Amino acid sequence: MASTDESAQAGQHASPLGTTPPGPPAAGAVARGGGMPRWLPRAMVLALALIACFQLGSWAFHQLTGLLINILIAFFMALAIEPAVSWMASFGMRRGLATGLVFLILLIVSAGFIALLGSMLAGQIIDIVEDFPKYVDSVISWINTTFHTELSRVDIQDSLLRSDWLRKYVQNSATGVLDVSAQVLGGLFQLLTITLFAFYFAADGPRLRRALCSVLPPARQAEVLRAWEIAVSKTGGYIYSRGLMALVSGLAHYILLESLGVDYAPVLAVWVGLVSQFIPTIGTYLAGALPMLIAFTVNPWYALWVLVFVVIYQQFENYVLQPKLTAKTVDIHPAVAFGSVIAGTALLGAVGALIAIPVIATLQAFLGAYVKRYDVTDDPRVQGRPRAQGRREPGSGTLLKRIRRLLRGSSQASQEPRPPS
């Protein structure tokens, strides 16, 4: 009993409030509370690795932007010639041989057009150089007559040859020739790259589709093949419709230029047809500028006639010819086509302007299979006409009719004679 009392008294002295005193902290708790968590170094290493991968990917993407754009152009070129290659392959011809034959035909046509256009431009430049002294003499004569001066062509030539401006211009032109040569070589290498990729995409199209579908489940394979088929159809249809419009435009402008007696009418007609159809938005103005310039050298009034014809034919093409030719191939609203060209130009420049319309047509056709459409009600407001004033929609005025009935019933009840009490 004495030991029990002593232990109770010791407990009371140790904890006067009746609580148990805290024990000494464990060694592991001190290490966990005061040290660095084990996951923090790994998280820092992972974050640094992700940042490094992102920077490396961004650098590689910027370095390979030119190659990616060339591959994109080659892919759409392969889609454009896919119908012709498949048609030749259906007769037993190998796809590689069919693709090479299509590229050979395109090369011959392009080389012939460039040769004819170059000969035309060279002839015009030679004529301008030969007639340049006459133009200078006529201008000097007009200046002397108008301003009562005594200028001569010999004095003007001597002053130009001795001027510092001409010396600086020749030096800048010499350096500019080197820059132009480098750009031409770069353009030829880029064209060769695009041609090789397009050849491989077109010749090995089935193998490429098989390799792409082999990494996808069967449901996704059907969707990819459907998208590929739509892209081929829309891109080929775009090229087909543009080719027909280029043919019609070339024939119309050839008849005009030939009737006016303008030189090189066939080459100018081909120029107008191709440039106006395959360069969106500004192609019409670029195409009409060269025939106007050549016609101006024959007769200034001929240039005005060419301008009037270009404007009238453009309206005919926009509102009559183009809707009929593109109704079954690339059925896109003109505003959507114009907006897609602007967006493509802002993103990829001239390349985006060229492939914008086929891309939008493909997306529109692909999404059209998944967007549910409903029949539109026969409402005049759909056609932009105002609704008839006397006609009301069903359900309108129901509350008003009920109020009138209640008022009418109460008035009749008040007019009925009351029975005698």
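Residues numbered from 1 in each chain as written. Predicted model: local features only at pLDDT ≥ 70, side-chain atom pairs only at ≥ 80, totals over all residues. Heavy atoms only, no water.

S.K.: Where do I start with the packing of aromatic side chains in this structure?
M.R.: Remark: the centre distance and the inter-plane angle together describe each pair of aromatic rings, the angle taken between the planes. Within this structure, the stated rule accounts for 10 aromatic pairs. With a centroid separation of 6.2 Å and an interplanar angle of 35°, the aromatic rings of F197 and F201 are classed as tilted. With F197 and F201 both in helix α7 (residues 164-203) and 4 residues apart, this pair spans about one turn of that helix. For F197, a relative accessible area of 28% translates into the label partly exposed. Clustering of aromatic rings is evident, with ring pairs tying together F75, F76, F197, F201 and W228. (Phe/Tyr/Trp six-rings, centres within 6.5 Å; stacked < 30°, edge-to-face > 60°. Helix = DSSP H or I, 4+ residues; strand = E, 2+ residues; numbered from the N terminus. Buried < 20%, exposed > 50% of the residue type's maximum accessible area, 1.4 Å probe, protein only.)

S.K.: Would you mind going over the nonpolar core with me for this structure?
M.R.: A general feature of soluble globular proteins is that nonpolar side chains tend to end up buried together. Counting residues in hydrophobic clusters, the biggest one holds 21 residues, and the most contacted among them are I73, A74, L79, I81, V85, V102 and V351. Those elements that provide at least two residues to this core are α4 (65-89), α5 (95-147), α7, α9 (218-260) and α14 (350-368). Top contributing element to this core by residue count: α4, with 9 residues. Filtering out sequence-adjacent residues up to four positions away, I81 remains in contact with T99, V102, F103, L106 and A202. The next biggest cluster of nonpolar side chains, apart from the first, holds 15 residues, and it includes A265, V267, L268 and V306. (Core = buried A, V, L, I, M, F, W, Y, C linked by side-chain atoms within 4.5 Å. Contact = heavy atoms within 4.5 Å.)

S.K.: How should I be thinking about α4 in this particular structure?
M.R.: Every α-helix carries 3.6 residues per turn, so stepping three or four residues along brings you back to the same face. With 25 residues, α4 should reach 36 Å at 1.5 Å per residue; the first-to-last C-alpha distance of 34 Å fits that figure. A maximum bend of about 45° is found in α4 at I81, where proline P83 lies one to four positions downstream. Where α4 is concerned, the buried positions are I69, N70, I73, A74, F76, A78, L79, I81, E82, V85 and M88. (Expected span 1.5 Å × (residues − 1). Bend = angle between axes of the 7 residues up to and from the residue.)

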